[in-house]
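Observations on chain architecture
Chain residues, written in single-letter form:
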Amino acid sequence: MKLESVVDNYKNSTNIQEITVPDQMMQRIRTGIKYIDEMFGDGFTPGTCGFVTGGPGVGKSSLMLTAANALAAQNVMVSYNSTEEHVFQLKYIIDRFGFENPFFVSNNGDIDDVLIQAKKNDVKFIFLDSLQTMGCEKFEAGTRKAMKYIVRKTIDYCKKHYIVGIIIGQVTKQNKIAGPQTLKHMADFHLHLYNCDKPTCLTCEPGTRTLFMEKNRFGATNVTKTLMLFKEGFRE
């Protein structure tokens, strides 16, 4: 699968010592939430895009709305597009958690239109919720072609504009991304949120969640954080 932002600029062989990493990539974007920033190696790297996955009801949207609010508090322009939950539902969660920082929300099922709006609003951080429920003019939501198109377009956009993209993904019963597994190879990171749902488990308290960094091109992997999900939100 071709990524235009990866192959177009350096098709010919280039001396690596003549290449300069753009200044934009050297400035980490931090949420101010310790457990999130530490998972990504002291913040997010501009120009990167990856997945946040987890089973149904584990709290993916709640966690990412928490990150969106925290980023907005750092004066980062944020866009959160959901094709799973109505904006009223998003606002309900925001109000329940007591979040008061402003960021853009939308219910747009066309990835091309979402990225046009992101550019118009000078967004620096974009959340897409979720991969399996978005589409475009050419491809219907949920199809393999739609998922490949969404991932390719989003990654290219993030790398060309030095913004951060998070694509929330549904998973199979085996906790793998629902869709073509080649998508994971294209992403810069893959963060998974686990929920202990074993009725006989004597270790985990109700509401326990585990964050696990499966892949991270700009930080450590196999990093874990144990969280608790309360009515008021997540706590480490």
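Computed from a predicted structure; not experimentally measured.

With that out of the way, let us pick up the packing of helix H3 (residues 60–73) against helix H4 (residues 87–97). Between H3 and H4, the least distance of the axes is 11 Å, while the angle of their chain directions is 65°. When the axis of H3 is compared with that of H4, the two are roughly perpendicular. Of the two elements, H3 crosses H4, and the hand of that crossing is right-handed. Judged by residue contacts, Ser62, Leu65 and Thr66 of H3 engage Leu90, Ile93, Ile94 and Phe97 from H4.

Moving on, we get to the pairing of strand S4 (residues 125–129). The element S4 is extensively covered by neighbouring structure, given that 5 of its 5 residues are classed as buried. Alternating residues of S4 divide into Phe125, Phe127 and Asp129 and Ile126 and Leu128, and every residue in both groups is buried. The sheet contact formed by strand S2 (residues 78–82) and S4 spans 5 bridges and is parallel. In the sheet register, Asn81 faces S4, and the bridge partner there is Leu128.

Reading the values: the criteria
- Residues numbered from 1 in each chain as written.
- Predicted model: local features only at pLDDT ≥ 70, side-chain atom pairs only at ≥ 80, totals over all residues.
- Heavy atoms only, no water.
- Axes fitted to C-alpha atoms, helices over the stretch in contact; angles between N-to-C directions.
- Helix = DSSP H or I, 4+ residues; strand = E, 2+ residues; numbered from the N terminus.
- Parallel < 35°, antiparallel > 145°, perpendicular 65-115°, else oblique.
- Left-handed = near helix turned anticlockwise from the far one by under 90°.
- Contact = heavy atoms within 4.5 Å.
- Buried < 20%, exposed > 50% of the residue type's maximum accessible area, 1.4 Å probe, protein only.
- Pairing = 2+ DSSP bridges.

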